[in-house]
Amino acid sequence: MTLDRMGKQKKQRLLRMISYVVLSAWVLITLVPIIFTILTAFKSDPEISMASFRWLPESFGYLVNFKQAFAMGDWIQYFKNSALITVVTVVGSLLFNSMAGYAFARLKFRGKEPLFMSVLLGMMVSPQSIIIPQYIMMRSVPLCGGNNILGQGGTGLLDSYISLIVPFLAGAFGIFLCRQFYSTFPSSLDEAARIDGCGVIKTYFIIYLPLSKTILATLTILKSVATWNDFFYPLIMTQSEKMKTVQLGLQMFRGSSATHYNYLMAATIITVIPMVIVYACAQKYFVQGIVSSGMKN
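Here goes a summary of the coordinates provided. (Residues numbered from 1 in each chain as written. Predicted model: local features only at pLDDT ≥ 70, side-chain atom pairs only at ≥ 80, totals over all residues. Heavy atoms only, no water.)

So, about the packing of aromatic side chains. Two aromatic rings, taken as a pair, are described by how far apart their centres are and by the angle between their planes. For the coordinates displayed, the defined rule picks out 19 aromatic pairs. Plain terms: the ring middles of Trp 75 and Phe 253 are 6.3 Å apart, the flat faces sit at 10° to each other, and that makes the pair stacked. You can see Trp 75 sitting in helix H4 (residues 75–106) and its partner Phe 253 sitting in the loop between helix H13 (246–249) and helix H14 (261–293), a full 178 residues away along the chain. Per residue, the accessibility class of Trp 75 equals that of Phe 253, and both read buried. Aromatic side chains Phe 181 and Tyr 182 sit 5.5 Å apart centroid to centroid with 65° between the ring planes, which places their arrangement in the edge-to-face category. Each member of the pair, Phe 181 as well as Tyr 182, is classed as buried. Aromatic rings pair up to connect Tyr 102, Phe 181, Tyr 182, Phe 185, Tyr 204, Phe 205 and Tyr 208 into one cluster. Taking the ring centre of Phe 116 as reference, the NZ or CZ of Arg 179 above it sits at 4.5 Å. (Phe/Tyr/Trp six-rings, centres within 6.5 Å; stacked < 30°, edge-to-face > 60°. Helix = DSSP H or I, 4+ residues; strand = E, 2+ residues; numbered from the N terminus. Buried < 20%, exposed > 50% of the residue type's maximum accessible area, 1.4 Å probe, protein only. Lys NZ or Arg CZ within 6 Å of the ring centre and 35° of its normal.)

Their axes nearest at 11 Å, the elements H4 and helix H10 (residues 200–208) cross at an angle of 115°. The orientation of H4 with respect to H10, classified from their angle, is roughly perpendicular. For the crossing formed where H4 meets H10, the hand is right-handed. Each of Leu 95, Ser 98, Met 99, Tyr 102 and Arg 106 in H4 lies in contact with H10, whose residues at this interface are Val 200, Thr 203, Tyr 204, Phe 205 and Tyr 208. Partitioned by chemical class, the residues of the contact of H4 with H10 number seven nonpolar, two polar and one charged. (Axes fitted to C-alpha atoms, helices over the stretch in contact; angles between N-to-C directions. Parallel < 35°, antiparallel > 145°, perpendicular 65-115°, else oblique. Left-handed = near helix turned anticlockwise from the far one by under 90°. Contact = heavy atoms within 4.5 Å. Nonpolar A, V, L, I, M, F, W, Y, C, P; charged D, E, K, R; others polar.)

Written out as structure tokens, the structure reads:
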């Protein structure tokens, strides 16, 4: 019995050691690009060139890269655009996704299952595959952007905040996540709400919404990162300098003949900071929200 127990302990220690080695290697692989980005942001042009490449910058006090990077574009406007689009999109998507998820999880209505299946099908469609129909829809909005009543002759809602916000106010993944989360609540909660005279809407706002911190924090992180880091959609929907987001602003450092990697990395570090702050504020709910949304009632 003692030998068996000692053998099990040795096996557990070996498995734990292998796990630590694998996790350490994975962390190292993940951190290398981040470390390289930070180091490059402090390097001068000669230190980046292949002729005299250096892994470590000569001085970490070389902050001229950050000043030069922000002097090359209207970064205040870029940050303003990205912040406004992200905040409105996240707040709106939290409301619409949670309400739709609540309806699919707690309400009974005709056609609920086929409708939910159609929502799930939306998770299988690549966003890039529907960009052209969305572009045509935004361009063809009547009486907007110089369009006539038939939606012709102008640009519609293109190159505006609306075109960058409205298509992302709801999403299949957010609805699915909320639906799974609200499915874990006991049915007695709805019965108690009905006894107290609460209707469907009041039950959602008074009971379910205050209990949704974990799932809403999870959606906040996922939606904020996706919206803030989106490059393709703003590239298609905007044309003017005043509507550029931070991701479009980063492209100015890539020239036809050369790329200023030190300026690019310096600007990248600054643009990442808001998302780091968002994650730091909501990360304690993140894993809990993912786990709870995968549970069954």
